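One-letter residues, chain by chain:
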Amino acid sequence: MICPECGIEVKRHVCRACQAKRTRAGMLRHQRRFLQTWLAGQIELRVKRVAGVLHLELFDDRWHSYCDTEMFSVHQRDFVRELPADLCPACITIFHEQVAAAKEVR
């Protein structure tokens, strides 16, 4: 079979890389619901430090960050209301994109 998204030959309907992209896109869409609640001041954000860099943890997925850094090895997390100044730049960019999308859905 040929993966309909990237065109490489695969044993299943979609290759692993394309499936991972689909899953990530779905999880980012899922964040919008939580971000609307965050915007209303009802929940806090969660951050974890991985290899010295502070990342923003996805809601409903404590093992990945907004920038897709895997955080399996880190168990210590902090709860914050505002974005920390030393947050990963990629996390900040994706977070702001998702907040803008969450505001549009309202």
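Please read all numbers here as calculations on a predicted model, not as lab measurements.

J.: I would appreciate a short explanation of the environment of Phe59 in the present structure.
T.: Mapped onto the elements of the fold, Phe59 is located in the loop between β2 (53–58) and β3 (61–65). Phe59 sits in the buried class, given a relative accessible area of 5%. Sequence-wise, Phe59 and Ala20 are 39 residues apart; in three dimensions their C-alpha atoms are separated by 18 Å.

J.: I'm lost on the packing of helix α1 (residues 16–39) against helix α2 (residues 89–105) in this one. Help?
T.: When two helices pack together, their arrangement is given by the angle between the helix axes and by the axis-to-axis distance. It is at 8 Å that the axes of α1 and α2 come closest, and there the two elements cross at 65 degrees. Classified by the interaxial angle, the pair formed by α1 and α2 is roughly perpendicular. In this structure, the crossing between α1 and α2 has a hand that is right-handed. The segment α1 lies against α2, with Arg24, Leu28, Arg29, Arg32, Leu35, Gln36, Trp38 and Leu39 engaging Ile94, Phe95, Gln98, Val99, Ala101, Ala102, Lys103 and Val105. Tallied by class, the residues present in the contact of α1 with α2 amount to 10 nonpolar, 2 polar and 4 charged.

J.: Can you help me understand the pattern of salt bridges in this one?
T.: Oppositely charged side chains can form a pair if their charged atoms are brought close together. Following the criterion strictly, the structure yields 6 salt bridges and no others. The closest approach of N and O atoms between Glu57 and Arg46, which form a salt bridge, is 3.2 Å. On the criterion of sequence distance, the pair formed by Glu57 in strand β2 and Arg46 in strand β1 (residues 45–50) is long-range, its members being 11 residues apart. For the pair Glu57 and Arg46, a shared accessibility class is recorded, and that class is buried. One salt-bridge network, in which partners are shared between bridges, spans Arg46, Lys48, Glu57 and Arg77.

Thresholds applied
- Residues numbered from 1 in each chain as written.
- Predicted model: local features only at pLDDT ≥ 70, side-chain atom pairs only at ≥ 80, totals over all residues.
- Heavy atoms only, no water.
- Helix = DSSP H or I, 4+ residues; strand = E, 2+ residues; numbered from the N terminus.
- Buried < 20%, exposed > 50% of the residue type's maximum accessible area, 1.4 Å probe, protein only.
- Axes fitted to C-alpha atoms, helices over the stretch in contact; angles between N-to-C directions.
- Parallel < 35°, antiparallel > 145°, perpendicular 65-115°, else oblique.
- Left-handed = near helix turned anticlockwise from the far one by under 90°.
- Contact = heavy atoms within 4.5 Å.
- Nonpolar A, V, L, I, M, F, W, Y, C, P; charged D, E, K, R; others polar.
- Salt bridge = Lys/Arg side-chain N within 4 Å of Asp/Glu carboxyl O.

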